[in-house]
Amino acid sequence: MLHGYPDCKDKIEPIIAAIRFAKGLSGDQSEAAALALIHDAVYTHWELRHGGLDEKCHPRSKLARGLSADRLIIDWPIPRYFLAKQLFELPRVDLRVPLVQRLLCELAGFIFITKEEQKKLYRAGLATKLPPEWDGLDKYVRYSQCSIVVGEPVTYD
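Residues numbered from 1 in each chain as written. Predicted model: local features only at pLDDT ≥ 70, side-chain atom pairs only at ≥ 80, totals over all residues. Heavy atoms only, no water.

Visitor: What should I look at first to understand the overall build of the chain in this one?
Guide: Helix and strand counts for the chain stand at 6 helices and 2 strands. Ordered by position from the N terminus, the helices and strands of the chain form the series α-α-β-α-α-β-α-α. When each of the 157 residues of the chain is scored for burial, the buried share is 39%. If you sum the accessible surface of the chain, you get close to 9,500 Å²; carbon and sulfur atoms cover 55% of it. (Helix = DSSP H or I, 4+ residues; strand = E, 2+ residues; numbered from the N terminus. Buried < 20%, exposed > 50% of the residue type's maximum accessible area, 1.4 Å probe, protein only. Areas by Shrake-Rupley, 256 points an atom, 1.4 Å probe, with all protein chains shown as cover.)

Visitor: Even after reading the chapter, I still don't get the state of the cysteines, so can you show me in this structure?
Guide: By definition, a disulfide links two cysteine residues through a covalent bond between their sulfur atoms. Tallying each qualifying case throughout the model produces 0 disulfides. With no disulfide of its own, Cys-8 has Cys-105 as its nearest cysteine by sulfur position, at a separation of 6.6 Å. Judged by relative accessible area, which is 11%, Cys-8 ranks as buried. (Disulfide = S-S within 2.5 Å.)

Visitor: Sorry, what's going on with the side chain of Arg-142 here?
Guide: Summarising the element assignment, Arg-142 is placed in helix H6 (residues 141–145). At 2.6 Å, the side chain of Arg-142 forms a polar contact with the backbone oxygen of Trp-76. What Arg-142 contacts, discounting residues up to four positions off in sequence, is Asp-75, Trp-76, Pro-77, Pro-79, Leu-121, Leu-126, Ala-127, Lys-129, Leu-130 and Pro-131. (Polar contact = N/O pair within 3.5 Å; in protein donor to acceptor, adjacent residues only side chain to side chain. Contact = heavy atoms within 4.5 Å.)

Visitor: Looking at this structure, I do not really get helix H1 (residues 9–23). What am I missing?
Guide: Think of an α-helix as 3.6 residues a turn; residues three or four steps apart then line up on the same face. Here H1 spans 21 Å end to end across 15 residues, near enough to the 21 Å set by a 1.5 Å rise per residue. Inspection of H1 places Ile-12, Ile-15, Ile-16, Ala-18, Ile-19 and Ala-22 among the buried residues, and these make up the whole buried set. What you see down the axis of H1 is that its buried residues fit within an arc of 160°, all on one side. Away from the buried face of H1 by more than 90 degrees, exposed residues Asp-10 and Phe-21 are located. On the buried face of H1, the contacting elements are helix H2 (30–47), helix H3 (80–88) and helix H4 (97–107). (Expected span 1.5 Å × (residues − 1). Arc of directions from axis to C-beta.)

Right, here's the structure in full:
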C-alpha cells in the first residue's frame, strides 16, 4: 500500500512564502541573499519541526553516537545552498505544497557528525558541495566517499 506524506501544510507554506519573496529580490547580491533566506526558512520551519536540535531526533554518524553535543557538528547531507538553489529555481507554477514537501522530504535535513569527520569532508573538498558524479538519489554520498558511516550497517540474508 502506498502512503502519502503527512500533512505538513502549515510548515511548508512559510517556506513557499520565503521562496516567493526571494524571487522578488534584486540587486548585486540578490542570489546569495535569496538563497540564505530560503535555507533559513527551511531550517526554521522544516528541519526543526520535530525536536529542534535534540540529538535523538536527527541521524548521527556511527562515530557521533554516544558523544556529548559539544563534541558534535551539525552537517547537511545535501548542502544547504544546493537545496535552496533547487527551490529557488522552481517555476512559480510549481510552488505548491505537495511538490515542495516532496523535495524537502527527499533533500532537507541535517545529521550530527564528529569534528574529525567534518575535517575529512573538508580535505575531500566535499564540505559544502556534492561530488560531480552524484546520481541525485543517494543523499549520503558525501559521507560514503569519505568513509563516514551514517546509520547502522544493514545486512540481508
